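Remarks on the overall topology
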Amino acid sequence: MSEVSVLTPEMIWVFGILGLTVFLFVSEVVRVDVAAVLIMMIIGLLILIPGAPVLVPGDQLFSGFASNAVISIIAVIILGKSLDKTGLMNKLASLILKFGGTTEKRIVPIISGTVGIVSGLMQNVGAAALFMSVIKRISVRADLPMSRMLMPMAFCAILGGTLTLIGSSPLILLNDLIRTFNATLPETVEPMRGFNMFDVTPIGLTLIFTGVVYFTLFGPYVLPVKKSSKDQDISTVEYFRKLYGLRGDIFEIHVLRESPLYGKTVLEVEALFGNRIAIIGLYQNRDMRISPAYDIVIEQDAVLALLGSREDINDVCSEMDLQCHGVMRHFAEVLSASTAGVSEVVIPPRSNVIGKTLMDITMRRSYGTSVLAINRGGQVIRGNIRDLPLQAGDTLVLHSLWQDLMALEKDPDFVVVSSDFPHEVILHEKLPHAVIISLITFGLVIFSDLRLSVSLMSGAIAMVVAGVLTMDEAYKSVSWQSVFLLASLIPLGLAMESTGAAAWIAMQTINVLGDVPVWVLQAAVAVLATVFTLLMSNVGATVLLVPLAINIAVLSGADPAMFALTVAISTSNSFLIPTHQVNALIMGPGGYRNTDFMRAGSIMTILFLVVSLVMLNLLFA
C-alpha cells in the first residue's frame, strides 16, 4: 500500500471531483445519472488540462459498462420482468390477499414479509410496485388507510435487498469491487474472498423479521392515518366513483341449491338484483368466465363475482340470504387490478353499432366486457341499459379483462378513452418455462464456477428465446438510469483507490477515532454508509465508501472483506427521508410527509444498524 500520510496533488484532484459529485447528487442540479456521466467525463477530460494528472487510463474509463455488476443488474431486471409477465408475482399477491383477510394485524405482517422475500430475487422497486395494487384493493374493501400498509411494505422491500447477493445493486457490485481492490492490497495482507449468493441470507432474513416485528408491535404508534395525496384522490377509482357512482367493489357469492339464484340465467339474476349489481365473473363446472353471457344458466355450486357498491351488495345478500365474501378466492387472480378493471369507451359517429342495443351486439359474448353505465350528453344512465339503442357520442363504462380491452382498441366501432391500463398480456401458459429457467439460472449461480453476470444473463436470454419476453420488452424493462449511474461512477472509485485518496481518508479517520476496538471502526463505517446513502444513491455510496472501508480495515488489522460487506449492507439503511426509490414510490399514494418517514424511519434506522452489525460479526468475524 502506498504512503498515506502525505496529501499528493492526485489526491487533491480526486477530493475536488468527489466534492463536486456529492454537490451534484445532493443539490439535484441535474439528474443523478447525468451527474454520474458528467463526473466520468471530467475524469476522462483531465488529460486536456496542462499539469492535471491522469486519474484513470483512457482504456479503462468506460470499463464500467462491461463490468460484471452492470451486466448482472441488467439480467436481474429482465428475469424479474419475465416472472411478472407470466403472472407468477400476481398469483403470489392474490394468495396473500386470500389468506391475509382484511384486518391490519394480519395483512401488514403477511404482505411485508412476502415483499421482503420477493425483493431478494428481483429489484425491490419492482416488488414494491407489484404489491401496491394489492394494498390499494385491500384499502378499498377493508376500509383501511393505505398509509398504514404502504410504509411497512416499502421498508421490508428495502430490507429484502439484503437477502441475496442479487437483491440490491450494492451487493451485486460488491464482488467486482473486491476483485478490483485485491490487486492494490499489500503483500502482507491476504487477498479478500468473494461472497456467494446466499452468504448474506441470514442477515437479510433477520432484518426482514426485525422489520415485520417492528411494524407489528409499534406500527399503530409510528404510522400515520392519512388520506392519499390530491393526485391519488383523482385517481381512476375516484373518477368512476364520483362520475358514475361506481365504487368498483367486488364480492364473491356461492350459489347453493336452495338459493333463489339457482337455475336462473345471468340476465334474470341481474334483474333480480334490481340492475344495481353486475355479474362480472362466473365459475362453474371448473370453467371460469369473465363477463358471462346473459343466457348462461347458473347451476348449483357456482361462484359469482359481483361488482357494485358495498352497500348494494350487502343489501342484496341480506334480502336473499346469500353469503357474500369480500375477499375473493376463485377470482382473486383473474380479477386483480393488474389483469382487469373499469374503463371508458366512446361510440364514434361512423360506428356500426349505432342504433343497436347491447343485447343486439352481444357485448358480453362478442367482446368479453360488461357495460356498467352509459354517459349520454352528460347524463349518466344506469340500471336496465341492455335494451337502450346506442347513439354516436355515447360513453360506455365497461368492466373487462385488460387483454379484452386491448382487443377492443383495434375495433373501429369503438374508441377506447382510458389509457392508464396495463398494455401487455399476461402469458400464463409460459409460467412453467419461466419457473424452470429461473431454477436453472439460480442453480448456475450457486453451484457453477461461472461469473454471476454470465449465469444471470444466460437466464435472461433464455427467457427471450422461450418467448416469455420479447427482446423489445426486455429493453424497455431495464432501468437504464441505474445502469448509467453505476457504470459511470466506477471510474471514480478506481481513482480513489489508485491515487491513495481512500487510504489517506482511512488514516485520518483512524487518527481521529484513536485507539478504539475494531467493532467501533466497523460501526463508524456503517453509520457513514447510512449517511451517504441518504444523500446520494446507494450505488454511489458503495462505490465511494468500499475503498475507504477496505483501507480502514487493513490499517486496523481487521477483515477488509467484512468491512466492504458492511458498506454494501448498510447502503440499504435508507428510511429517514424518502430518497430511496421505493420510499419515493409510496410517498404520493400514502399521503406521507418527510416527518412521517423520520418518525417511523428513525427507529428502523437504529434497529438496522444494531441488527446488521451483530449479524455481520456473528457470521464473518
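Residues numbered from 1 in each chain as written. Predicted model: local features only at pLDDT ≥ 70, side-chain atom pairs only at ≥ 80, totals over all residues. Heavy atoms only, no water.

**Let's talk about the sheet that holds strand β3 (residues 287-290)**
With respect to topology, five strands assemble into an open sheet ordered β3-β2-β4-β1-β5, the strand pairing being antiparallel. Edge positions in the open sheet fall to β3 and β5 (324-325), since each of these has one partner strand only. With two bridges connecting them, strand β1 (residues 249-254) and β5 associate as antiparallel partners. Each residue of the ladder has a partner; that of I253, found in β5, is C324. (Pairing = 2+ DSSP bridges. Helix = DSSP H or I, 4+ residues; strand = E, 2+ residues; numbered from the N terminus.)

**Some points on the packing of aromatic side chains**
Going through the model one piece at a time under the given rule, you end up with 12 aromatic pairs. Centroid distance F155 to F575: 4.8 Å. Interplanar angle 50 degrees. Geometry classified as tilted. Residue F155 is found in helix α7 (residues 147-160), and its partner F575 is found in the loop between α23 (560-570) and α24 (581-590); the two are separated by 420 residues along the sequence. The pair F155 / F575 is uniform in exposure class, with both members buried. Through pairs of rings, three or more aromatic residues link up here, namely F155, Y214, F215, F218, F575, Y592, F597 and F608. Lying across the ring of Y294, R386 places its NZ or CZ 5.3 Å from the centre. (Phe/Tyr/Trp six-rings, centres within 6.5 Å; stacked < 30°, edge-to-face > 60°. Buried < 20%, exposed > 50% of the residue type's maximum accessible area, 1.4 Å probe, protein only. Lys NZ or Arg CZ within 6 Å of the ring centre and 35° of its normal.)

**Comments concerning empty space enclosed by the protein**
Applying the stated criterion to the full structure yields three cavities of 30 Å³ or more. In this structure, the largest cavity occupies an estimated 190 Å³ of space. As for the largest cavity, its lining consists of 17 residues, of which N275, A278, V371, L372 and G383 are closest to the centre. Mapped by element, the contributors of at least two residues to the lining of the largest cavity are β4 (303-308) and β7 (369-376). (1 Å grid on protein atoms, 1.4 Å probe; cavity = no way out; pocket = protein on both sides within 12 Å on 5 of 7 lines; lining within 4 Å. Points joined across faces, edges and corners; volume = space filled by probe spheres on them.)

**Describing the sheet that holds strand β8 (residues 379-381)**
Spatial ordering of the open sheet is given by β8-β7-β9-β6-β10, a layout of five strands whose pairing is antiparallel. Only two strands of the sheet have a single partner each, and these edge strands are β8 and β10 (415-416). The sheet contact formed by β7 and β8 spans three bridges and is antiparallel. If you follow R376 over to β8, its bridge partner there is Q379. Here helix α15 (residues 402-409) sits on the sheet in contact with β6 (340-346), β9 (395-401) and β10, set at roughly 135 degrees to β9. (Contact = heavy atoms within 4.5 Å. Axes fitted to C-alpha atoms, helices over the stretch in contact; angles between N-to-C directions.)

**Quick notes on helix α20 (residues 501-513)**
With 13 residues, α20 should reach 18 Å at 1.5 Å per residue; the first-to-last C-alpha distance of 19 Å fits that figure. Those residues of α20 lying buried are A501, A502, A503, A506 and I510. Residues of α20 that are buried make contact with α1 (9-27), α19 (480-498) and α22 (538-556). Phi turns positive, to about 80 degrees, at G514, one or two residues after α20. (Expected span 1.5 Å × (residues − 1).)

**Here we look at the pattern of salt bridges**
Counted according to the given criterion, the structure contains 11 salt bridges. Notably, a salt bridge pairs R31 with D33, separated by 2.5 Å at the nearest N-O pair. Residue E270 is joined to R386 by a salt bridge in which the shortest nitrogen-to-oxygen separation is 3.5 Å. Pair noted here: E270 is in helix α12 (residues 266-272) and R386 is in the loop between β8 and β9, with a separation of 116 residues, a long-range link. Relative accessible area serves as the criterion here: at 4%, E270 is assigned to the buried category. A single salt-bridge network, built from bridges that share partners, covers D176, R179 and R451. (Salt bridge = Lys/Arg side-chain N within 4 Å of Asp/Glu carboxyl O.)

**Examining a nonpolar patch on the surface**
A contiguous nonpolar surface patch, about 590 Å² in accessible area, is contributed by I461, V465, M471, Y475, W480 and F484. Only α17 (452-465), α18 (471-477) and α19 provide two or more residues apiece to the nonpolar patch. Residue placement: M471 occurs in helix α18. Since its relative accessible area comes to 34%, M471 is described here as partly exposed. (Patch = residues over 30% accessible without salt bridge, like charges linked within 9 Å, V, L, I, M, F, W, Y side chains within 5 Å. Areas by Shrake-Rupley, 256 points an atom, 1.4 Å probe, with all protein chains shown as cover.)

**Quick look at the pairing of β7**
In summary, the side chains of a regular strand alternate between the two faces of the sheet. Of all eight residues in β7, eight are buried, a share of seventy percent or more. Where β7 hands over to β8, the hairpin turn is made up of two residues, of which G377 adopts a positive phi near 60 degrees.

**Description of the pairing of strand β2 (residues 278-284)**
Of all seven residues in β2, six are buried; the element is thus mostly enclosed. By the bridge criterion, four bridges tie β2 to β3 in an arrangement that is antiparallel. Within β3, the residue paired with L282 across the bridge is R289.

**Quick word on the confidence of the model for the protein chain**
Regions with low pLDDT carry predicted coordinates that are not meant to be interpreted in detail. Averaged over all residues, the pLDDT of the protein chain is 81; the fraction at 70 or higher stands at 88%. In the model of the protein chain, helix α10 (residues 230-233) stands out as the element of lowest mean pLDDT, 40, in contrast to α23, which has the highest, 92. This model gives residues 228-235 a pLDDT under 50, and the stretch forms 13 contacts once residues within four places in sequence are excluded. (pLDDT = per-residue confidence, 0-100.)

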